[in-house]
Amino acid sequence: MKIVISDYAWPNIDIEKEYFMSKSVDINIATGKDDLLNKIEDADGLLFCFEDINEDVLRSGKKLKAAQRYGIGVDNINIKVATELGIVVSNIPDYCINEVSDHALSMILAINRMIIPDSKMVKLGKWNDVKKGSRVYRLKDATLGIIGFGRIGRRLAFKAKALGLNVIAYDPYINEKIYDDVNILSFDEVISNSDILSLHVPLTEETNHLISNKELEKMKKDAILINVSRGGLIDEAALSKYLDNGKIRGVGLDVMEDDNPSPSNPLFKYENVIVTPHTAFFSQESSQELQIRSCKQLYDVLNGKIPEFLINPDVLDHSDVNLI
Ligand code: NAD
């Protein structure tokens, strides 16, 4: 059996090597897109993290039976083509819920308490020049609006409530009107009533540029905007324009439209924008869990089992797929 790893976000693949060692699985690591197109030709399985698994890649995998995402979001694989080709796509949707909700909360706390600009002033010898109070508000009783009330959104709500925040949420795909003291409201109500707005939806055609000019205009003065989900959710050109008017208090981003932005990215000139490089998922524990569970799920599919977290159930109707 041959598997290809297109890319990974940790220092080495010792865990993968150990997992497959006793299973007669040949592991191949691609060193870029061309190498991936070459190595996938006779591979049975694919492990992928951030690489774009587009139609070309999938069609090059002449024997490919399974593609396992190292992660939650599956916006970087062409699911329609995978299904058509009989390739089973799976993910691990629950391995980093604590880490990502911590990350969103850390950004909220850092922006609200002005941690980064104040620390910078102190190190510049300007201890007495820090203007206290101008845009710092009490977090208790402030309103946190969560867009997308799934695993991460709900975990963030739980943590935020412990800090005394009032939490509201928007999610058109859930039935509850109220969940654990969180009122589920309309999109407009959440956007316009939140002191802090945090995005926790997948990137789809429907959610692309979910936050653009119109939505930014509806946000409260001095609001905070957090995105630890996917860069495409925010129209960055609109955000940049909006930041110029100074109405927004701060923005926390773990993801950007360009996933390798240059230092000249227009958003980087604003002091009140903090950015981390798509690290919200990471901890030693979450990464280890992700690696092991991804290997296991891929191996299960290659051995005829329906994966626990199947993304494209329609694939089971494909004549070449025979899983139980
Ligand atoms: P989830 O599937 O549990 O929850 C997503 C929620 O969004 C669902 O309840 C769904 O109904 C809702 N939703 C879908 N479309 C919507 C829309 N148009 N408007 C409002 N709600 C909508 O997923 P999750 O585990 O909470 O993860 C959310 C996202 O976080 C993932 O899709 C992924 O892109 C991102 N993520 C980022 C990192 C990171 O390291 N930065 C790590 C993991 C996940």
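Structure report, in brief. (Residues numbered from 1 in each chain as written. Predicted model: local features only at pLDDT ≥ 70, side-chain atom pairs only at ≥ 80, totals over all residues. Heavy atoms only, no water.)

### Notes on the overall build of the protein
Counting secondary structure elements, the protein contains 11 helices and 13 strands. A compact globule built from 324 residues would reach a C-alpha radius of gyration of about 20 Å, and the protein, at 22 Å, matches this within 12%. In terms of overall dimensions, the protein has C-alpha extents of about 65 × 50 × 35 Å along its principal axes. Classification of the 324 residues of the protein by burial places 51% in the buried group. Within the protein, residue pairs in contact and separated by at least 24 positions form 62% of the contacts whose partners lie at least 6 positions apart. Accessible surface, the protein: about 16000 Å² in total, of which carbon and sulfur atoms supply 51%. Between the mean site of the 38 positive side-chain charges and the mean site of the 49 negative ones, the protein shows a separation of 6 Å. (Helix = DSSP H or I, 4+ residues; strand = E, 2+ residues; numbered from the N terminus. Rg over C-alpha atoms; globule rule 2.2 N^0.38 Å. Buried < 20%, exposed > 50% of the residue type's maximum accessible area, 1.4 Å probe, protein only. Contact = heavy atoms within 4.5 Å. Areas by Shrake-Rupley, 256 points an atom, 1.4 Å probe, with all protein chains shown as cover. Lys, Arg positive; Asp, Glu negative; His and termini not counted. Charge placed at Lys NZ, Arg CZ, Asp CG, Glu CD.)

### Structural notes on the sheet that holds strand S5 (residues 88-90)
The pairing of strands in a sheet comes from backbone hydrogen bonds and takes either a parallel or an antiparallel form. If you trace the 5 strands from one edge of the open sheet to the other, you get S2-S1-S3-S4-S5, paired in parallel fashion. Each edge of the open sheet is held by one strand with a lone partner, namely strand S2 (26-29) and S5. Taking each pair of neighbouring strands and ignoring which way they run, the sheet shows an average axis angle of 20°. Inspection of the sheet shows strand S4 (residues 66-69) paired to S5 by 3 bridges, in the parallel sense. (Pairing = 2+ DSSP bridges. Axes fitted to C-alpha atoms, helices over the stretch in contact; angles between N-to-C directions.)

### A word on the site of the ligand
In the region of the ligand, 25 residues are neighbours, and Arg151, Ile152, Asp171, Val228 and Asp254 sit closest. At a separation of 2.6 Å, an oxygen atom of the ligand approaches a polar side-chain atom of Asp171. Here His278 contributes a side-chain N or O atom positioned 3.4 Å from an oxygen atom of the ligand. In isolation the ligand has 860 Å² of accessible area, and contact with the protein removes 88% of it. Secondary structure elements with two or more residues in the shell around the ligand: helix H5 (97-112) and helix H7 (151-162). In terms of residue class, the shell around the ligand is made up of 14 nonpolar, 6 polar and 5 charged. (Near = heavy atom within 4 Å. Polar contact = N/O pair within 3.5 Å; in protein donor to acceptor, adjacent residues only side chain to side chain. Nonpolar A, V, L, I, M, F, W, Y, C, P; charged D, E, K, R; others polar.)

### Overview of helix H1 (residues 14-21)
When we look at burial in H1, the residues that qualify are Glu16, Tyr19 and Phe20. Summarising the axial view, the buried residues of H1 lie within an arc of 85°, below the 170-degree limit, and thus occupy one face. Exposed and facing more than 90 degrees away from the buried side of H1 are Glu18 and Met21. In this fold, the buried residues of H1 make contact with strand S1 (2-5), S2, strand S3 (45-48) and helix H11 (284-302). (Arc of directions from axis to C-beta.)

### Some remarks on the environment of Ser119
Inspection of the secondary structure puts Ser119 in helix H6 (residues 115-123). On the basis of relative accessibility, which here comes to 32%, the residue Ser119 falls in the partly exposed class. Along the sequence, Ser119 and Val130 sit 11 residues apart, while their C-alpha atoms lie 9.6 Å from each other.

### Notes on the pairing of strand S7 (residues 166-170)
Looking at chain direction, strand S6 (residues 143-147) and S7 are connected through 5 bridges and run parallel. Looking across to S7, one finds that Thr143 is bridged to Asn166. In terms of handedness, the path from S6 via H7 over to S7 forms a crossover that is right-handed. Pairing of S7 with strand S9 (residues 182-184), which is carried by 2 bridges, proceeds in the parallel orientation. Following the sheet pairing, Ile168 is matched in S9 by Asn183. (Right-handed = clockwise from strand over helix to strand, strands pointing away.)

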